[in-house]
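Notes for the structure review
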Amino acid sequence: PVNNVQVQAADALGEFPGQGAVAELTRIASGSRGTFARRRTALLSLAKLDSAAFSATAPRYEGSNDWRERAAAAEGWSRFAGASRTRLLTDRDPRVIAAAFQAWAAQVEGPDPALLDMSRKLLASGDAGVRAAVADALSRGADASDIPILVSAIKSARSDSFPDAQLSALGA
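Before going into details, it helps to say that this report is about the structure given with it.

Of all the positions in helix H7 (residues 113-122), only Leu115, Leu116, Met118, Ser119 and Leu122 are classed as buried. Along the axis of H7, the buried positions cluster into a sector of 165°, meaning they face one direction only. Exposed and oriented more than 90 degrees from the buried face of H7 are Pro113 and Lys121. Residues of H7 that are buried in the fold lie against helix H6 (94-107) and helix H8 (128-138).

Phi at Ala142 is positive, roughly 45°, even though this residue is not glycine. Residue position: Ala142 is located in the loop between H8 and helix H9 (147-156). Residue classification places Ala142 among the exposed positions, given a relative accessible area of 68%.

Time to look at the environment of Arg38. As for its placement among the helices and strands, Arg38 is situated in helix H3 (residues 36-49). Arg38 sits 35 residues away from Asn3 along the chain, and the two C-alpha atoms are 7.6 Å apart. Those residues within four positions of Arg38 in sequence are excluded, and the remaining contacts are Gln6, Val7, Ala10, Arg27, Ile28 and Arg33.

Our next topic: the packing of aromatic side chains. What characterises a pair of aromatic rings is the spacing of the ring centres plus the angle enclosed by the ring planes. This structure, assessed with the given rule, holds four aromatic pairs. Taken together, a centroid distance of 6.0 Å and an interplanar angle of 65° make the contact between Trp77 and Phe80 edge-to-face. The same class applies to Trp77 and to Phe80, which are both buried. Ring geometry for Phe101 versus Trp104: centroids 6.0 Å apart, planes at 70°, classification edge-to-face. Here the residue Phe101 and the residue Trp104 both occupy positions in helix H6, the gap between them amounting to three residues, near one helical turn.

Cut-offs applied
- Residues numbered from 1 in each chain as written.
- Predicted model: local features only at pLDDT ≥ 70, side-chain atom pairs only at ≥ 80, totals over all residues.
- Heavy atoms only, no water.
- Buried < 20%, exposed > 50% of the residue type's maximum accessible area, 1.4 Å probe, protein only.
- Helix = DSSP H or I, 4+ residues; strand = E, 2+ residues; numbered from the N terminus.
- Arc of directions from axis to C-beta.
- Contact = heavy atoms within 4.5 Å.
- Phe/Tyr/Trp six-rings, centres within 6.5 Å; stacked < 30°, edge-to-face > 60°.

Next comes the structure, spelled out in structure tokens:
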């Protein structure tokens, strides 16, 4: 129960603007003590409160060998418009790419042109998780010209170990 309280406290700090909250969140996110969930929540709370503090802390996560830390950085970067949203879409781990894309998709509404363009590029990914995430986003565009690449994605998904990419492509 103590771990959950610490995570909730880091989340609550993200709701209180001010240098005290930013300093404490920076200390937690930059440290190595406590659980990953606590550090991740502190990092994401920093992204909400102070873009400069987040930008200074995020490189540690982006350069980590732990894919979960890189995915947390991607989620934080998704809160900022522009190129920062695509920072980790070329990561070596498809789990990070999927997390980065899903975080970006959660930040924009409707058929965002940049999101749809990236969806079309990533739909050819060899990873079913990435293809599932991007096919879901591609459905926002409802563009008949996407049918050939969606059919190709459905065919690619035949050999996947789980049906999510195929179901997402069919749903698009």
